[in-house]
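Understanding the architecture of this molecule
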Amino acid sequence: MGRTSPNSDSPSTALQSIRDRFPFKRNSNNNTIPTSRSKTTPFPHKTSRSHHHHHNKRKLSFLFHFVGKKSRLYLGIFLVIFTFALASMVLQSSIMSVFRQGDRMRWPWSGLKLGSSLEFVPRRQRLELNGSRLEWLRSQPRIGIRPPRICLILGNMKKDPSALMLYSVMKNLKGLGYLLKIYALGDGRALSIWQEIGGQVSILSPERYGYIDWSIFEGIIVDSLEAKDAISSLMQEPFCSVPLIWIIQEDALANRLKMYKDMGWDHLISSWKYAFTRADAVVFPEYSLAMLYSVLDTGNFFVNPGSPVDVWAAESYSKTHSKSQLRKENGFNNDDLLVLIVGSSFFYNELAWDYAVSMHDLEPLLLKYAGSNDVGFASKFIFLCGNSSNDYNDALQDVATRLRLNQGSLRHFGINSDVDGMVLMADIVLYGSSQDEQGFPPLLSRAMSFEIPVIAPDYTVIRKYVVDGVHGIIFPKNDPDALKYAFSLLISEGKLSRLAHSIASSGRLLAKNMFAAECTIGYAKLLEDVFNFPSDVLLPGRASQLNHSIWEWNVFRKEADQISSNLGIFSTKDYLGTNSSIINELEEDMINFVPSKNVSQDNTEDLEQDFPTMADWKILNEIESSEEVERLEREEIEERMSKDIGEWDDIYRNARKSEKLKFETNERDEGELERTGQPVCIYEIYNGAGGWPFLHHGSLYRGLSLSTRARRLRSDDIDAVGRLPILNDTYYRDVLCEIGGMFSIANGVDDIHKRPWIGFQSWRAAGRKVALSQKAEEVLEKTIQENTKGDVIYFWASLDMDGGIVGSNDLLTFWSTCDIMNGGRCRTAFEDAFRKMYGLPSNVEALPPMPEGGGHWSALHSWVMPTPSFLEFIMFSRMFADSLHSLNINSSKIPDCSLGFSAPEKQHCYCRILELLVNVWAYHSARKMVYIDPHLGLLEEQHLIELRKGFMWTKYFNITLLKSMDEDLAEAADDSDHPYETWLWPLTGEVYWQGIYEREREERYRLKMDKKRKLKEKLLERLKHGYKQKTLGG
């Protein structure tokens, strides 16, 4: 956001960029702009003028006492200086007067003072830069096997300057090694060019917004406000952590923000602010746009300067307009030397200061070229500022009269006129602003594109791009003599000099691609800072390779030639998104459902009365307290009064009704009724509402939510947290992932699963198109019913299908693939965990061998097996996960995860190695492994048991050994003999051993004997005193 200098009168300032792309008026309702940081620049001439103004009378009387030639010489010099200062002061006051003509010429904001400048400063830095992190990754040993994926969402498929910028950037990023997947909200003329760099472009309709697995991408780039609804699923788990870069090149929303505030549409502002909050970086091509949107800034605004819009507009305009015709229309002759003076791209209440300061520098120039006829040619100076009001022109004519300039030598044109025409018909463009801007002045780049020589002060941003004497003339600011000399270099005998034509030609070539390399490199570095690069990803090339990038004009040349140039700088609505459908739709919704409020200063007090005060809250608390006291008293009275419990039939009927209601709450989904009698149930594991569209319905599936708040509303999904409280801890839920849900099912499995077969499937299987089709489901159910004997595991999400992890690379083995997925430390971690789990000595091999040949391996936790086998697998998995966890625990401190490089990999530290654990267990426990084609339903046995003989470590996977180890751990947990402080194993399931069984049996025996004792005592009491029945009459 912008901040203002401490000496400002107002804490807020408003501005409009020269690229606002709409007709600008002085009294237009525009967005209030945040405060701006200002830099105060000393102006020695101001002090000089003030000094002479207060003491001139005393000095004159003193000087006339001198007699002699030398005294007369001093007197003459003083009179010249005095006249020059007085003329400057009169000139400034003349210009200032026009800006104070009344309310109709005033802006709805004020605040900037002389010497101040606007600067974009982020409100708070939320964007963490990881550029050094990527350099560290390049120095680490890693085996990447796939390029980093970028998802690009296009708001439209037009061919316009914004598309040219984005296409050029994306093409260069592809050259660095990125892989693009492009989605578009609609079809358009640019479809073919986007297909050249991104392959097939998918049209993203509203029905498909929730059916894309965003987690397969390293990051997402959105280029338009139109994509607000398309990224709605990114605001839900499990997609909240996917990096998002939102590029905003249109100002349509910024122009409405103040209107929303005035109409009381705060909800609409909050909606956009919430959407912007989701982005890791909201990128603007210029600083003025960032300031206009600053009310929505949450610390993620980022400016990456550079856009071909000025060159595009200039070339389009020059194709249908000529300099001579424009001069004739505006009352100038072809022989006139026209000098266009432009100011800062920000306009504010104190606009006169900008030109008053420049007038001081221009005064010698005006007096020489517009104040006498000695030069031999007509020079006319055009001031471009404000709007097309006669007051501006009258002020300039008054200045010309006071300085005795030639008639018509000073002209004024407003910003709401044909600015492109003003620039095109000029011979020289002079940047006369005192504002030291952050970005390159847009009108200068447009003048260079028109092949007009430019003169500018030596501001940092101008020296950054323009070479003095090559692309333009640069003079020291606040130096009138230097400006006069710079001007003389461009004029020769009333025409432009040879140097001027050379500078104009070089300037046009420079402007063509002046910002291309910087813009492209900026995006490449931003991706390095924002995106995550997992262990299996090839790192992109360095951004320094893009130093010679250019805009892809050849691809868009035909379109640029077809665009009419009569739109000008402020009317490029068609290709800069001024008319936004998403904005119009949201506004229509607000009009239909929310009554508009016209907020003004007169009714501010009425609006404040709508908000409750502290006194209102106090009264409300007293009312609630009194109602609570009355309720308690009423309940106590009712308890003391005798009640008629009613007839037995009514009591029985009410009890049955409550049982029926309770039963119906557990049977909300009709799928539960269909599952009755089914041999298998597949539990679909998900974490967040973003995974709901990927889940199935019907008798074969049942949801398993890893988060209580993320359960589907009208379904009988299982709450994993309710069955296993450790999953309520975010850390353990993240490091265990889907296998944590399996632990929750196994914890008291008889209470929830009473079928002979059990299966699981991650929501990611449907997102990656490897979930079971209807045909494959039928084949699986039929196979299970026919083959009831044998220990077998059926799986359908193969490791080589998991987002292209392995692909067709047959050289990768099971363990090498696991290493790639876990930062190169899978074998080491597995071996250490296996050794610790079984207590093996260091000289004994502890990494179970896996075949190096072909075949499929299970991935994404998508498999079916007999329920007893599942319990055996969970028994093994719990001990292995605990052993793996103990390796990373040092006292109570949790160190950095070593099984990955990126932040998501470290957050889900054990997930990838536990995902492949079922393959090691099934292979070495001699389970039959059968792969089902998820689309065709074909069955194919993998890794035949006969071929495994001699390679399997069956002694470590024997059920008897596993039960013995499980009982030993249960006994230690029962005795509170924890091997380390945060012991994971007891928290992942049932803790049960023989001692607990005997203790429970003794407790049941004690309760039984106690019951017998009480019954015997009751019988003895009856025998002793007898039993007397009451008479029927009472």
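Look up a bit, the structure's there.
Residues numbered from 1 in each chain as written. Predicted model: local features only at pLDDT ≥ 70, side-chain atom pairs only at ≥ 80, totals over all residues. Heavy atoms only, no water.

1. Digging into the overall build of the protein chain
- Within the protein chain, the secondary structure is distributed over 38 helices and 23 strands.
- Counting over 1034 residues, the protein chain shows a buried share of 54%.
- Pairs at least 24 residues apart make up 76% of the contacts formed inside the protein chain by residues separated by at least 6 positions.
- Per element, the accessible surface of the protein chain, about 49300 Å² overall, is 52% carbon and sulfur. (Helix = DSSP H or I, 4+ residues; strand = E, 2+ residues; numbered from the N terminus. Buried < 20%, exposed > 50% of the residue type's maximum accessible area, 1.4 Å probe, protein only. Contact = heavy atoms within 4.5 Å. Areas by Shrake-Rupley, 256 points an atom, 1.4 Å probe, with all protein chains shown as cover.)

2. What to know about the packing of helix α30 (residues 814-821) against helix α31 (residues 826-838)
- Two numbers describe how α30 lies on α31: the axes approach to 7 Å, and their chain directions differ by 105°. Here α31 runs roughly perpendicular to α30, going by the angle between their axes. Residues Trp815, Ser816, Cys818 and Asp819 of α30 lie in contact with α31, whose contacting residues are Cys826, Arg827 and Phe830.
- The class makeup of the residues in the contact of α30 with α31 is four nonpolar, one polar and two charged. (Axes fitted to C-alpha atoms, helices over the stretch in contact; angles between N-to-C directions. Parallel < 35°, antiparallel > 145°, perpendicular 65-115°, else oblique. Nonpolar A, V, L, I, M, F, W, Y, C, P; charged D, E, K, R; others polar.)

3. Comments concerning the state of the cysteines
- Tallied over the full model, the rule gives three disulfides.
- The side chain of Cys818 participates in a disulfide bridge whose partner is Cys826; the two sulfur atoms lie 1.8 Å from each other. With the S-S dihedral at roughly 75°, the linkage between Cys818 and Cys826 falls on the right-handed side. For the pair formed by Cys818 and Cys826, the shared burial category is buried.
- For the protein chain, the bonded cysteines connect in the pattern 1-6, 2-3, 4-5 when numbered consecutively along the sequence. (Disulfide = S-S within 2.5 Å.)

4. Section: the sheet that holds strand β6 (residues 281-284)
- Spatially, the seven strands line up as an open sheet ordered β3-β2-β1-β4-β5-β6-β7, and their pairing is parallel. Each end of this open sheet is capped by a strand with a single partner; those strands are β3 (202-203) and β7 (301-303).
- Two strands pair when backbone bridges link them, and strand β5 (residues 244-247) and β6 are joined in this way by three bridges, in the parallel orientation. Each residue of the ladder has a partner; that of Ile247, found in β6, is Val283.
- Sitting on the sheet, helix α5 (residues 191-198) is in contact with β1 (149-154) and β2 (179-184), with an inclination near 150° to β2.
- Sheet strands in contact with helix α7 (residues 266-278) are β5, β6 and β7, and its direction is about 130° off that of β5. (Pairing = 2+ DSSP bridges.)

5. Topic: the packing of aromatic side chains
- Counted according to the given criterion, the structure contains 46 aromatic pairs.
- Seen in terms of ring centroids, Tyr183 and Trp214 are 6.1 Å apart; in terms of plane orientation they differ by 65°. Their pairing is edge-to-face. In this pair, Tyr183 sits in strand β2 while Trp214 sits in the loop between β3 and β4 (219-222), placing the two residues 31 residues apart along the sequence. With respect to class, Tyr183 is no different from Trp214; both count as buried.
- Between Tyr431 and Tyr459, the ring centres sit 6.4 Å apart and the planes meet at 85°, which makes this aromatic pair edge-to-face. Separated by 28 residues along the polypeptide, Tyr431 in strand β11 (residues 428-431) and Tyr459 in the loop between β12 (454-457) and α15 (460-465) bring together distant segments of the chain. (Phe/Tyr/Trp six-rings, centres within 6.5 Å; stacked < 30°, edge-to-face > 60°.)

6. Focus on the sheet that holds strand β21 (residues 863-866)
- Spatially, the eight strands line up as an open sheet ordered β18-β17-β16-β19-β21-β20-β22-β23, and their pairing is mixed. The strands lining the two open edges of the sheet, one partner per strand, are β18 (718-719) and β23 (939-942).

7. Focus on helix α37 (residues 959-974)
- The terminal C-alpha atoms of α37, which comprises 16 residues, lie 22 Å apart, in line with the 22 Å expected from a rise of 1.5 Å per residue.
- Among all positions of α37, only Leu962, Met965, Asp966, Ala970, Ala972 and Ala973 are buried. Along the long axis of α37, the arc covered by the buried residues comes to 160°, so they all point the same way.
- Buried positions along α37 lie against α31 and α32 (867-887).
- Immediately beyond the C-terminal end of α37, within one or two residues, lies Ser976, with a positive phi of roughly 60°. (Expected span 1.5 Å × (residues − 1). Arc of directions from axis to C-beta.)

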